[in-house]
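Here are the chains, one letter per residue:
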Amino acid sequence: MADATFKILRFDPDSGKGPYFQAFRVPLENKGLTVLDGLNHILENIDGSLAFRSSCRAAVCGSCAMHINGKHRLACNTQVSSLNTQSITIRPLAHLEVEKDLCVNMDQFWEKYELVRPYLVPGSPPPEKERIQSQEDREELNVVIDCIQCGCCYSACPVTLSSKEYLGPAALLKIDRFVSDSRDGAHVQRIEQADGPYGVWRCHNVFACQCCPKELDPPRSIAHVKRRLMRRRLLGGGK
Ligand code: SF4
């Protein structure tokens, strides 16, 4: 049975030592072995002090986002065989404080997320049954609805590094998601927030956030919101 080499960037702020790479041999037990399986193998059989997050194992919770062989990916749905090499280099998400090894502090990501009210704000009293949406209106959301809050786009963005207040790609995508929702009643407030000093105009169009493991397109959403704002300026008011 062949082995893969997992080269992992390790760091424990409490140890007094700087970050360093450590290599581990992981047996390629089956063709479908994922990077998360490999990390679990190391944790259970080689080094119980290795720190990383995971939960659902199904690309739904976003907790195992990390930097794998030069790309932002989810460890749970990245098969070692898909990387076309048996040498795997793993780092934590960039721009975020490392708590230990592959675990980063996501507080600043969640703070931005919370600021944009990532939930439906109805513009009318509750209906008797449900808020009806036409099939066409629902289809508008298909390209913005699958965010799992993994933080990959936020970590890839160079502006989130230089401007701690910048809302960042995931929060701006969420604004786009709700201004595209026919049931939401806070379109104007949302679009005005995106127009603020830490909104869409801070984006430098680097496109680094185009790395979403769920194949969402934050640059498209940011451009979409910018277009709405320009239309609003030209035509006055509205969303
Ligand atoms: Fe992750 Fe994609 Fe959501 Fe960004 S948009 S947080 S990369 S799922």
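Residues numbered from 1 in each chain as written. Predicted model: local features only at pLDDT ≥ 70, side-chain atom pairs only at ≥ 80, totals over all residues. Heavy atoms only, no water.

*Asks:* What am I meant to see in a negative patch on the surface here?
*Replies:* A cluster of acidic residues, E97, D107, E111 and E114, forms a negative patch on the protein surface. Note on placement: D107 falls in helix 2 (residues 107–115). (Patch = residues over 30% accessible without salt bridge, like charges linked within 9 Å, V, L, I, M, F, W, Y side chains within 5 Å. Areas by Shrake-Rupley, 256 points an atom, 1.4 Å probe, with all protein chains shown as cover. Salt bridge = Lys/Arg side-chain N within 4 Å of Asp/Glu carboxyl O. Lys, Arg positive; Asp, Glu negative; His and termini not counted. Charge placed at Lys NZ, Arg CZ, Asp CG, Glu CD. Helix = DSSP H or I, 4+ residues; strand = E, 2+ residues; numbered from the N terminus.)

*Asks:* Explain the site of the ligand to me, please; I cannot follow it from the model alone.
*Replies:* Around the ligand, a shell composed of C147, I148, Q149, C150, G151, C152, C153, A170, C212 and P213 is seen. Of the residues in the shell around the ligand, the class split is 8 nonpolar, 2 polar and no charged. (Near = heavy atom within 4 Å. Nonpolar A, V, L, I, M, F, W, Y, C, P; charged D, E, K, R; others polar.)

*Asks:* Please explain the pairing of strand 5 (residues 87–91) as it appears in this structure.
*Replies:* Every regular strand shows the same layout, with side chains that alternate between the two sheet faces. In this sheet, strand 5 lies alongside strand 1 (residues 3–10) in parallel orientation, the contact comprising 4 bridges. What sits directly across from T5, in strand 5, is S87. Here strand 3 (residues 65–68) pairs with strand 5 via 2 bridges, running antiparallel. Counted as the bridge partner of H67 is R91 from strand 5. (Pairing = 2+ DSSP bridges.)

*Asks:* Looking at this structure, how should I read the packing of aromatic side chains?
*Replies:* Centre distance and the angle of the planes are the two values used to describe a pair of aromatic rings. For the coordinates displayed, the defined rule picks out 4 aromatic pairs. Measuring from centroid to centroid gives 5.1 Å for F109 and W110, while their planes differ by 75 degrees, and the two rings are edge-to-face. We classify W110 as partly exposed; its relative accessible area is 38%. Here F109 and Y113 contribute two aromatic rings whose centre-to-centre distance is 5.9 Å and whose plane-to-plane angle is 15 degrees, an arrangement assigned as stacked. Of this pair, F109 and Y113 both sit in helix 2, 4 residues apart, which is roughly one turn of that helix. Residue classification places F109 among the buried positions, given a relative accessible area of 2%. (Phe/Tyr/Trp six-rings, centres within 6.5 Å; stacked < 30°, edge-to-face > 60°. Buried < 20%, exposed > 50% of the residue type's maximum accessible area, 1.4 Å probe, protein only.)

*Asks:* Could you clarify how one ought to interpret helix 7 (residues 187–194) in this entry?
*Replies:* Structural remark: α-helix, 3.6 residues per turn; residues separated by three or four positions point the same way. For helix 7, every residue scored as buried is listed here: H187, R190, I191 and A194. Buried residues along helix 7 cover an arc of 95 degrees about the axis, so they all sit on one side. Of the surrounding elements, those touching the buried residues of helix 7 are helix 6 (169–179) and helix 8 (218–235). (Arc of directions from axis to C-beta. Contact = heavy atoms within 4.5 Å.)

*Asks:* Can you walk me through unusual backbone geometry in this structure?
*Replies:* Trans peptide bonds make up most of the peptide bonds, and negative phi angles are found at most residues other than glycine. The backbone phi angle of Q149 is positive, close to 55 degrees, even though this residue is not glycine. Owing to a relative accessible area of 23%, Q149 belongs among the partly exposed residues under this scheme.

*Asks:* Explain the side chain of K112 to me, please; I cannot follow it from the model alone.
*Replies:* Note on placement: K112 falls in helix 2. Buried and unpaired, K112 has no salt bridge, with E111 as the nearest side chain of opposite charge at 6.3 Å. In terms of polar contacts, K112 uses its side chain to reach the backbone carbonyl oxygen of K164, at 2.5 Å. Each residue touching K112, except ones within four places of it in the same chain, is listed here: Y154, K164, E165, Y166, L167 and A171. (Polar contact = N/O pair within 3.5 Å; in protein donor to acceptor, adjacent residues only side chain to side chain.)

*Asks:* It is not clear to me how the layout of surface pockets should be interpreted in this structure. Could you clarify?
*Replies:* The rolling of a water-molecule-sized probe over the atoms marks out the regions of remaining empty space. In this structure, the largest pocket encloses a volume near 210 Å³. Lining the largest pocket are K71, H72, R73, L74, N77, T78, Q79, S82, Q210, C211, C212 and P213. Per-class residue counts for the lining of the largest pocket are 4 nonpolar, 6 polar and 2 charged. Counting only domains with at least three residues in the lining of the largest pocket, you end up with domain 1 (3–104) and domain 2 (107–235). (1 Å grid on protein atoms, 1.4 Å probe; cavity = no way out; pocket = protein on both sides within 12 Å on 5 of 7 lines; lining within 4 Å. Points joined across faces, edges and corners; volume = space filled by probe spheres on them. Domains from an automatic or database assignment.)

*Asks:* Hey, could you run me through the pattern of salt bridges in this one?
*Replies:* Opposite charge on two side chains allows them to pair when their charged atoms are near. Evaluation of the coordinates by the stated rule reveals 11 salt bridges. Between R25 and D3 there is a salt bridge; the shortest N-O distance is 3.7 Å. Taken together, the positions of R25 in strand 2 (residues 20–27) and D3 in strand 1 put the pair 22 residues apart, joining distant regions of the chain. One salt bridge connects R183 with D181, and the closest N-O pair in it is separated by 2.7 Å. Judged by relative accessible area, which is 0%, D181 ranks as buried. Among the charged side chains, a network of salt bridges with common partners joins R10, D47 and D101.

*Asks:* How should helix 2 be read in this particular structure?
*Replies:* Here helix 2 has its buried residues at Q108, F109, K112 and Y113. Down the axis of helix 2, the smallest arc covering the buried residues is 140 degrees, so these residues share one side. Those residues of helix 2 that are exposed and angled more than 90 degrees off the buried face are E114 and L115. If you follow the buried residues of helix 2, they end up packed against helix 4 (152–156), helix 5 (158–162) and helix 6. Residue R117 follows helix 2 closely and has a positive phi angle near 50 degrees.

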